[in-house]
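One-letter residues, chain by chain:
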4 protein chains.
Amino acid sequence: MTDSVDAVAAAPEPPLQSFASDNVAGAHPAVIEALSAANVGSVRPYGDDPWTVRAVDGLRELFSPDAEVLFTYGGTGANVALLQSVLLPHEAAICPASGHINTDECGAVERIVGSKLIDVPTVDGKLRPSDIAHLLHPEHGEHNVKPAVIAISQVTELGTVYSVDEIAALAELAHANGLLLFLDGARLANAVASLGCTVREMTVDAGVDRPPVGGTTNGLLYGEAAIYLRPELAARARFARKQTAQLASKMRFISAQFEALLTNDLWLTGARNANAMAARLAANVADIDAVQLLQTPQANSLFAVLPPELIRELQAWSFFWDWNSSEHSVRWMANFGTTEEDVDRFTAGVRHFAAEHAAQA
Amino acid sequence: MTDSVDAVAAAPEPPLQSFASDNVAGAHPAVIEALSAANVGSVRPYGDDPWTVRAVDGLRELFSPDAEVLFTYGGTGANVALLQSVLLPHEAAICPASGHINTDECGAVERIVGSKLIDVPTVDGKLRPSDIAHLLHPEHGEHNVKPAVIAISQVTELGTVYSVDEIAALAELAHANGLLLFLDGARLANAVASLGCTVREMTVDAGVDRPPVGGTTNGLLYGEAAIYLRPELAARARFARKQTAQLASKMRFISAQFEALLTNDLWLTGARNANAMAARLAANVADIDAVQLLQTPQANSLFAVLPPELIRELQAWSFFWDWNSSEHSVRWMANFGTTEEDVDRFTAGVRHFAAEHAAQA
Amino acid sequence: MTDSVDAVAAAPEPPLQSFASDNVAGAHPAVIEALSAANVGSVRPYGDDPWTVRAVDGLRELFSPDAEVLFTYGGTGANVALLQSVLLPHEAAICPASGHINTDECGAVERIVGSKLIDVPTVDGKLRPSDIAHLLHPEHGEHNVKPAVIAISQVTELGTVYSVDEIAALAELAHANGLLLFLDGARLANAVASLGCTVREMTVDAGVDRPPVGGTTNGLLYGEAAIYLRPELAARARFARKQTAQLASKMRFISAQFEALLTNDLWLTGARNANAMAARLAANVADIDAVQLLQTPQANSLFAVLPPELIRELQAWSFFWDWNSSEHSVRWMANFGTTEEDVDRFTAGVRHFAAEHAAQA
Amino acid sequence: MTDSVDAVAAAPEPPLQSFASDNVAGAHPAVIEALSAANVGSVRPYGDDPWTVRAVDGLRELFSPDAEVLFTYGGTGANVALLQSVLLPHEAAICPASGHINTDECGAVERIVGSKLIDVPTVDGKLRPSDIAHLLHPEHGEHNVKPAVIAISQVTELGTVYSVDEIAALAELAHANGLLLFLDGARLANAVASLGCTVREMTVDAGVDRPPVGGTTNGLLYGEAAIYLRPELAARARFARKQTAQLASKMRFISAQFEALLTNDLWLTGARNANAMAARLAANVADIDAVQLLQTPQANSLFAVLPPELIRELQAWSFFWDWNSSEHSVRWMANFGTTEEDVDRFTAGVRHFAAEHAAQA
């Protein structure tokens with residue numbers, strides 16, 4: 001061990017922004033400024049304030065003038081409140097097996113909404129009509145739950161991006177069978193940046209019924225927006241948000257952040273940067289033998305397979321999580337504030353530890 | 001109508017801080033500064049960061065070195081997560097009928113935890129041993145839910161404050177019968193300021209098993225602390241917080257706020273101010289015939305009965321809510337930032353509209 | 001002790017039918033015969049069989065030709081399925097504090113339906129419009145649950161019987177405020193027998209929206225009927241019954257029992273007997289000093305206060321439960337099969353142990 | 001059409017017992033007799049009666065002297081009560097995707113227990129250790145539900161039977177990882193008959209922690225037994241049964257049926273007959289070209305693929321359900337009372353309509 005340490009150069013400086021997730025970042029400075037500016041006087045709580053009016057208007061401009069917008073604390077909460085506000089007790093949501101609501105929300109949907117998630121295996125995190133057509137009309141009446149929602153994420157948990165046509169095909173299938181299409185947009189901005197389309201084209205025009213829009217992953221301290229594109233679906237929504245403990249009393253502080261995010265397309269600029277930095281990292285590490293990229297990044301994340309000891313060394317140097325430890329895969333994710341220097345430092349680190357690891361082998 | 005308008009002076013300027021609730025206030029400037037200071041670099045999400053370590057340490061110093069501290073987004077969420085982490089399916093919590101979990105959380109406990117609240121009528125929002133002793137051991141076995149928690153608030157929803165001895169008496173009753181005492185401390189600071197005791201005397205020493213501590217009502221933008229004073233009770237707590245959708249990913253921003261609140265006893269200074277301003281308002285309005293105070297304020301809220309038309313006029317001038325519209329009662333509440341000028345302006349407004357109202361009668 | 005034993009006669013024979021509850025009885029012989037007759041051949045499960053068609057028709061004749069009828073295993077299940085099939089997540093049911101769903105179903109409504117029960121104290125187990133009018137429109141929007149159902153029992157848990165006018169007044173209040181009136185009819189037959197009206201007068205004509213009708217307490221082995229008098233309310237009902245685990249696969253055996261119960265008004269004959277035997281018992285014990293009747297029986301139950309030691313002695317001789325042990329009250333209940341001899345033997349026993357007890361005092 | 005009708009003989013008589021399911025059967029005559037015999041006198045409700053003592057003793061003899069036995073109304077209820085009594089809110093059960101709790105209980109587990117089912121695709125309805133080993137320790141802490149139970153069925157929904165060794169392997173895996181093995185024994189008797197082992201060998205000795213045992217599918221009118229083989233697991237069980245609305249008040253009538261079933265091994269005789277009749281049917285139809293058997297029957301059910309029009313004609317003649325209509329598969333199931341004549345009549349019908357169908361083609 002001493003020998004090999006002697007044989008290699010000292011490890012480079014780690015990046016300032018880690019590549020563990022986009023929630024390792026802080027907030028846009030403009031968001032902090034907006035909070036400070038909103039900290040004046042006394043306003044009514046629970047959203048009856050001018051910041052909320054303006055932030056809702058801003059989101060309506062992006063989505064649809066008729067949209068109902070409800071801010072929540074977090075993304076799991078937004079997912080739960082949206083499902084709670086539409087599902088009847090015997091109704092279920094179809095989702096990809098890799099979906100966040102299925103794998104990473106500790107059973108919140110089953111516990112809080114009380115509804116079954118019908119999870120469907122996918123190749124790449126994307127549901128396709130052919131995967132689910134046979135599930136839409138169960139044959140045994142009241143013995144089966146009744147699918148009422150198709151719940152996808154854009155960007156998916158596996159970093160892939162649905163095309164507008166793929167979303168439209170799911171929406172068409174859903175509506176033709178009396179279901180709703182629900183799109184988890186925690187990284188909607190990254191998808192818009194990736195596809196080069198507008199928010200409206202990807203959601204309203206494609207037939208999406210209700211997306212939540214991520215704020216936290218996109219430069220806020222906290223806060224998500226649950227959006228109802230068909231207002232008649234929103235009747236139960238305010239109760240659902242409160243009952244699922246997602247109604248912020250000092251709402252202005254969520255709304256002011258969203259207002260900042262919507263000003264000068266800060267959301268899009270940040271997402272474009274995150275995507276570009278992921279692409280840069282992918283290009284940078286392409287020639288490192290020890291790193292096997294699982295796909296060309298479509299948004300702001302990369303998935304790679306590395307030797308397990310190399311993973312441990314890199315994690316100790318600049319933290320990220322295992323994606324699937326039995327397959328030795330990891331996820332690296334860039335965020336709105338990741339710089340070229342961060343990418344290059346991280347690349348240097350990967351190169352350094354890979355070389356050291358190769359020397360040891 | 002024209003005559004009476006002529007007969008009276010123009011309405012005075014309304015206060016800068018309304019008396020509707022303590023969540024109409026913004027945040028302490030020190031809290032905003034702390035957020036700004038925390039917005040540096042990249043740290044692990046979900047609480048694995050230095051701000052959280054320091055904020056937890058600060059709360060342990062106030063409560064107990066063994067306390068387990070979990071931050072949540074909001075107060076309803078803290079209540080739900082705390083109950084979720086301890087109740088078995090057939091167990092119930094006893095609470096005063098006027099309690100926030102019973103009246104103002106839209107059935108969150110019943111929906112999310114799935115547990116019955118056994119609500120007990122009280123005179124003044126305070127449970128007493130004699131109100132509940134007969135409920136502790138239901139006679140019909142599995143036909144009855146089994147009380148496992150006594151859930152009180154300090155300050156109560158009706159603005160009253162338990163003495164340390166009253167809390168200790170409930171704790172003794174609870175423990176002697178195998179129950180836990182759970183104290184909702186959304187306004188714990190105001191209670192400490194009112195009693196002139198320490199946090200520890202009012203909680204740990206009195207036998208409280210788990211309080212959530214309010215941040216939002218006490219000068220934060222958002223954030224509450226769920227505290228487990230007996231660490232063995234915390235085993236299920238992290239899962240409960242995540243499953244109830246109360247785990248903030250960018251946790252440092254809650255923790256940094258709590259750290260600011262704990263620095264130089266900012267929490268106590270703010271609470272003392274709120275209490276003092278409520279007392280000043282009570283003294284100010286004591287001689288206004290149209291205002292009948294329902295009690296001497298014990299913390300930062302006053303309850304008063306006024307003629308209904310006077311209530312409407314005052315609300316249009318400086319908003320507050322009806323407390324009980326059929327009894328024509330209202331609640332006025334001061335906060336950490338309420339000034340003497342706010343109190344005096346509000347008093348002037350009450351006096352003005354009461355005189356106008358008297359002239360009309 | 002020896003002396004006093006010498007001083008009294010031997011205890012009389014206990015009654016064949018105990019007075020503990022109406023579920024201590026077996027089944028009508030006609031019901032057993034019907035089961036035996038139904039045990040032929042093979043029929044489709046889950047209610048698609050001729051016995052179910054006939055039993056449903058029989059109940060429609062009693063209630064309304066449009067009624068939707070769903071049989072369940074038990075009464076708690078019928079209550080849960082009925083509420084599950086109509087309440088939205090933020091809606092609540094108002095019930096008397098003494099109601100079975102509130103006190104004796106181990107929190108099934110809160111756990112399975114996830115809904116709050118707003119329990120209202122009453123003098124005699126009966127809700128009155130003046131008790132609940134102020135609860136129908138909570139003032140704080142999404143912060144409060146929204147009452148959607150008034151849930152009463154006829155006969156009540158305290159043995160009292162609503163008049164037809166009293167039910168109609170509650171129905172009118174409910175409907176004028178957009179609520180439904182739900183009547184738990186576990187002992188509907190005893191109420192009909194008590195009032196001398198028809199089932200229809202007491203339910204459909206009075207404005208009841210959905211009663212479950214008791215079978216088990218009325219001479220069946222098991223089985224209740226959940227009845228939807230407004231068919232549009234039944235859309236979710238079949239799913240609710242299955243999901244709450246109340247759908248019997250061999251449904252013919254519930255239906256055949258109901259068919260037997262409806263033949264020759266067996267249900268009414270049995271209920272009349274039960275009521276008459278309760279009245280006889282009340283008359284019999286009226287002159288026993290140690291027994292203080294709490295009310296004149298209105299249906300098939302009596303409530304009485306006795307010295308606690310006398311209660312213990314009587315229970316050891318012929319079992320019944322404490323009603324409220326701290327008040328030394330008990331409930332005695334007659335059933336369809338209670339005979340005059342049972343009543344007279346029980347009276348003799350009460351007289352015997354009361355005398356013995358008086359002698360000891 | 002007229003021609004082909006002229007060309008074929010009249011359809012044969014359908015069987016007296018249909019092959020749709022085992023719940024199309026009535027009850028063993030001995031079970032009806034036992035009900036009649038139990039209909040004497042008045043006994044305490046809820047299981048405090050001599051029939052229940054004897055039936056519990058009988059099941060303890062089969063399973064284990066320490067077993068805790070709780071009777072429920074139905075199978076879905078038994079499954080729900082068993083899971084309710086052991087799972088904490090963040091815990092989940094792993095089951096085969098084809099399992100009854102996953103597909104045919106209308107989401108009862110998610111709604112009532114509030115827990116996620118982790119459903120695993122299988123080839124033949126049987127879980128194997130290699131299918132699930134990677135699921136036992138999720139990597140992301142409180143973000144993931146925690147598997148706590150492996151829930152299998154014996155016989156499986158697909159008619160296959162685990163060997164004793166296969167069950168033991170799952171139990172070993174479960175226990176080594178801190179999970180419980182829960183075995184749904186709705187058709188346990190058929191499995192015992194198929195394997196030729198004892199109940200104890202297949203459950204207690206193999207390491208099963210808690211089976212529910214089917215009564216309804218095995219000749220009762222209604223009633224299942226939830227069995228806790230490790231008594232310390234039963235602490236919450238009585239509350240869970242009541243809260244899930246599965247506690248029968250006139251319990252003697254379930255217990256008396258079980259007593260009859262256990263007398264002279266009636267349960268085993270019936271199960272052996274059902275299995276033998278399924279085997280006879282498989283042998284009978286083996287040479288019919290239009291019928292493609294999907295497997296050799298291992299217990300009392302056959303799965304077959306037939307031309308869709310032939311399926312419709314046969315169903316109209318003697319009802320059974322589609323198993324999977326898109327694959328044109330059906331399930332045929334024999335029961336305790338199926339006779340050789342039933343099998344032969346059904347075979348004749350299949351042969352008849354297949355020939356007619358071939359003639360039309």
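Residues numbered from 1 in each chain as written. Chains lettered and ligands numbered in written order. Predicted model: local features only at pLDDT ≥ 70, side-chain atom pairs only at ≥ 80, totals over all residues. Heavy atoms only, no water.

## Regarding the overall build of chain A
The number of helices and strands found in chain A is 15 helices and eleven strands. Against the 2.2 N^0.38 benchmark of 21 Å for 361 residues, chain A shows a C-alpha radius of gyration of 22 Å, consistent with a compact globule. Seen through its C-alpha atoms, chain A measures out along the principal axes to roughly 70 × 60 × 35 Å. Taken over 361 residues, chain A has a buried fraction of 64%. (Helix = DSSP H or I, 4+ residues; strand = E, 2+ residues; numbered from the N terminus. Rg over C-alpha atoms; globule rule 2.2 N^0.38 Å. Buried < 20%, exposed > 50% of the residue type's maximum accessible area, 1.4 Å probe, protein only.)

## Concerning the interface of chain B and chain A
Listed per partner, the contact involves 50 residues of chain B and 50 residues of chain A. Summed over both partners, the interface of chain B with chain A buries about 4100 Å², with 57% contributed by carbon and sulfur atoms. Where chain B packs against chain A, one counts zero salt bridges. Our enumeration of links across chain B and chain A arrives at 24 residue pairs in polar contact (both at pLDDT 80 or more). If you list the elements that add at least two residues to the side of chain B that touches chain A, you get α2 (29-38), α4 (75-84), α6 (108-113), α11 (237-243) and α12 (252-262) of chain B. If one sorts the elements of the side of chain B that touches chain A by residue count, α2(B) sits on top with four residues. Tallied by class, residues from the side of chain B that touches chain A come to 22 nonpolar, 20 polar and eight charged. (Contact = heavy atoms within 4.5 Å. Buried area = accessible area lost by both parts, 1.4 Å probe. Salt bridge = Lys/Arg side-chain N within 4 Å of Asp/Glu carboxyl O. Polar contact = N/O pair within 3.5 Å; in protein donor to acceptor, adjacent residues only side chain to side chain. Nonpolar A, V, L, I, M, F, W, Y, C, P; charged D, E, K, R; others polar.)

## Here's the deal with the interface of chain D and chain B
Many authors give the size of an interface as the accessible area that is lost as the parts come together. If you look at the interface, chain D gives 18 residues, while chain B gives 18 residues. Taken over both partners, the interface formed by chain D and chain B buries close to 1800 Å², and the fraction arising from carbon and sulfur atoms is 64%. By the criterion of area lost to chain B, the three top residues of chain D are E142(D), H143(D) and F239(D), representing 38% of everything that side buries. Linking chain D with chain B are two salt bridges. Between R241(D) and E142(B) there is a salt bridge, with the nearest N and O atoms lying 3.8 Å from each other. Looking at the side of chain D that touches chain B element by element, the count peaks at five residues for helix α11 (residues 237-243) of chain D. Grouping the amino acids of the side of chain D that touches chain B by side-chain chemistry returns five nonpolar, six polar and seven charged.

## Observations concerning the packing of aromatic side chains
The tally for this structure, following the rule as stated, stands at 40 aromatic pairs over all chains. Geometrically, the ring pair formed by W332(C) and F346(C) is edge-to-face, given 5.1 Å between the ring centres and 80° between the ring planes. Taken together, the residues W332(C) in strand β11 (residues 329-333) and F346(C) in helix α15 (residues 340-360) connect sequence positions 14 residues apart. One exposure class covers both W332(C) and F346(C), and it is buried. Taken together through their ring pairs, the aromatic side chains of F19(A), W317(A), F320(A), W332(A), F346(A) and F353(A) make up a single cluster. Its end group placed over the ring of Y162(C), K126(C) keeps NZ or CZ at 5.8 Å from the ring centre. (Phe/Tyr/Trp six-rings, centres within 6.5 Å; stacked < 30°, edge-to-face > 60°. Lys NZ or Arg CZ within 6 Å of the ring centre and 35° of its normal.)

## Focus on the relation of the copies chain D and chain B
Expressed as a screw transformation, the operator carrying chain D onto chain B has a rotation angle of 180° and an axial translation of 0.0 Å, and the superposed copies differ by an RMSD of 0.0 Å. Taken together, the rotation and translation describe the operation of a two-fold axis. Of every C-alpha in chain D, the one belonging to L88(D) sits nearest the axis of rotation, 3.9 Å from it. When the interface residues of chain D are mapped onto chain B, 100% of them again lie at the interface, so the same face is used by both copies. (Least-squares fit on C-alpha atoms with pLDDT ≥ 70 in both.)

## Brief notes about the sheet that holds strand β6 (residues 212-214) of chain C
Residues and elements named next belong to chain C. Strands sit in the order β1-β7-β6 across an open sheet of three strands; the sheet is antiparallel. Two strands close off the open sheet at either side, each with one partner strand: β1 (68-72) and β6. Between one strand axis and the next, the sheet turns by 25° as a mean value, whatever way the strands run. As paired elements, β1 and strand β7 (residues 224-228) share five bridges and run antiparallel to each other. (Pairing = 2+ DSSP bridges. Axes fitted to C-alpha atoms, helices over the stretch in contact; angles between N-to-C directions.)

## Details of the confidence of the model for chain A
Residue and element names in this part refer to chain A. Residues with a pLDDT of 70 or more make up 98% of chain A, whose mean pLDDT is 93. Across residues 1-7 the pLDDT falls below 50, and counting only partners more than four positions away or on other chains, this stretch makes two contacts in the model. This complex was scored by the predictor with a pTM of 0.95 and an ipTM of 0.94. (pLDDT = per-residue confidence, 0-100.)

## Remarks on the packing of helix α9 (residues 188-195) of chain A against helix α13 (residues 266-285) of chain A
All names here are of chain A. Contact geometry for α9 and α13: axes closest at 8 Å, N-to-C directions at 70°. Overall, the two elements α9 and α13 adopt an arrangement that is roughly perpendicular. Contacts from A189, N190, V192, A193 and S194 of α9 reach α13 at W267, L268, A271, R272, A274 and N275. By residue class, the composition of the contact of α9 with α13 is seven nonpolar, three polar and one charged. (Parallel < 35°, antiparallel > 145°, perpendicular 65-115°, else oblique.)

## Overview of the packing of helix α14 (residues 308-317) of chain A against helix α15 (residues 340-360) of chain A
All names here are of chain A. Following both chains from N to C, one finds α14 and α15 inclined at 140°, their axes separated by 10 Å at the closest point. Considering the angle they form, α14 stands oblique to α15. The handedness of the crossing between α14 and α15 is right-handed. Together, E309, L310, E313, L314 and W317 of α14 and R345, F346, G349, V350, F353, A354, E356, H357 and Q360 of α15 make up the contact between the two elements. Classifying every residue of the contact of α14 with α15 gives seven nonpolar, three polar and four charged. (Left-handed = near helix turned anticlockwise from the far one by under 90°.)

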